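Results of the structural survey
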Amino acid sequence: MVTFSRDVCGIPLWLLREYLEEAGGQAQGDDRVAGDGWTATLTQIEDYEIGSVSVGQVRVEVEGQPDAMERMTAFLEKKLLRAGG
């Protein structure tokens, strides 16, 4: 088993859950998604603050088989990529 944990800023929990479903998972409630060889748990965490600006954060923790995790995290990383500007 392999584990992966990441705090994601600026993407709401519901959208992160949809991304995991697009990666082949099925929602098991609001905070859990299970795919072939992996399971993800989503947790709303304290907002990230910079001065007076506050941005929501979600922690995603995924556990699974190495090959399944590699495919799923590669897909998720592409979905989480945001352009700066």
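Below is a summary of the structure that appears in this document.

1. What to know about the overall build of the protein
The secondary structure content of the protein amounts to two helices and five strands. If you list the helices and strands of the protein from N to C, you get β-α-β-β-β-β-α. On C-alpha atoms alone, the protein measures out to a radius of gyration of 13 Å, which is about the 12 Å that the 2.2 N^0.38 rule sets for 85 residues. Each principal axis of the C-alpha atoms in the protein carries an extent, and together these give about 40 × 30 × 20 Å. The buried share of the protein, taken over its 85 residues, is 32%. The long-range fraction of contacts in the protein, counting pairs at least 24 apart against all pairs at least 6 apart in sequence, stands at 55%.

2. Things to note about the pairing of strand β3 (residues 32-35)
Pairing of strand β2 (residues 26-27) with β3 involves two bridges; the strand directions are antiparallel. Opposite Ala27, over in β3, you have Val33 as the bridge partner. In this structure, the hairpin formed by β2 and β3 is closed by a connection of four residues, where Gly29 is found at a positive phi of approximately 100°. Where β3 and strand β4 (residues 38-50) come together, four bridges link them in antiparallel fashion. Opposite Gly35, over in β4, you have Trp38 as the bridge partner. Two successive antiparallel strands, β3 and β4, enclose a turn made up of two residues, where Gly37 displays a positive phi of approximately 90°.

3. So, the nonpolar core
With 19 residues, the main nonpolar core has Leu16, Leu20, Trp38 and Val60 as its most contacted residues. Counting residues per element, the ones that place at least two in this core are α1 (13-22), β4, β5 (53-64) and α2 (66-80). Leaving out residues up to four positions away in the same chain, Leu16 has contacts with Val8, Ile11, Leu42, Val58, Val60, Leu76 and Leu80.

4. Overview of the sheet that holds β3
The antiparallel open sheet is built from five strands, whose spatial order is β1-β5-β4-β3-β2. Among the strands making up the open sheet, the edge pair consists of β1 (2-9) and β2. Packing of α1 onto the sheet brings it into contact with β1, β2, β3, β4 and β5, and relative to β4 it is tilted by some 150°. Along the sheet, α2 contacts β1, β4 and β5; its crossing angle with β1, the most-contacted strand, is approximately 10°.

Procedures and definitions
- Residues numbered from 1 in each chain as written.
- Predicted model: local features only at pLDDT ≥ 70, side-chain atom pairs only at ≥ 80, totals over all residues.
- Heavy atoms only, no water.
- Helix = DSSP H or I, 4+ residues; strand = E, 2+ residues; numbered from the N terminus.
- Rg over C-alpha atoms; globule rule 2.2 N^0.38 Å.
- Buried < 20%, exposed > 50% of the residue type's maximum accessible area, 1.4 Å probe, protein only.
- Contact = heavy atoms within 4.5 Å.
- Pairing = 2+ DSSP bridges.
- Core = buried A, V, L, I, M, F, W, Y, C linked by side-chain atoms within 4.5 Å.
- Axes fitted to C-alpha atoms, helices over the stretch in contact; angles between N-to-C directions.

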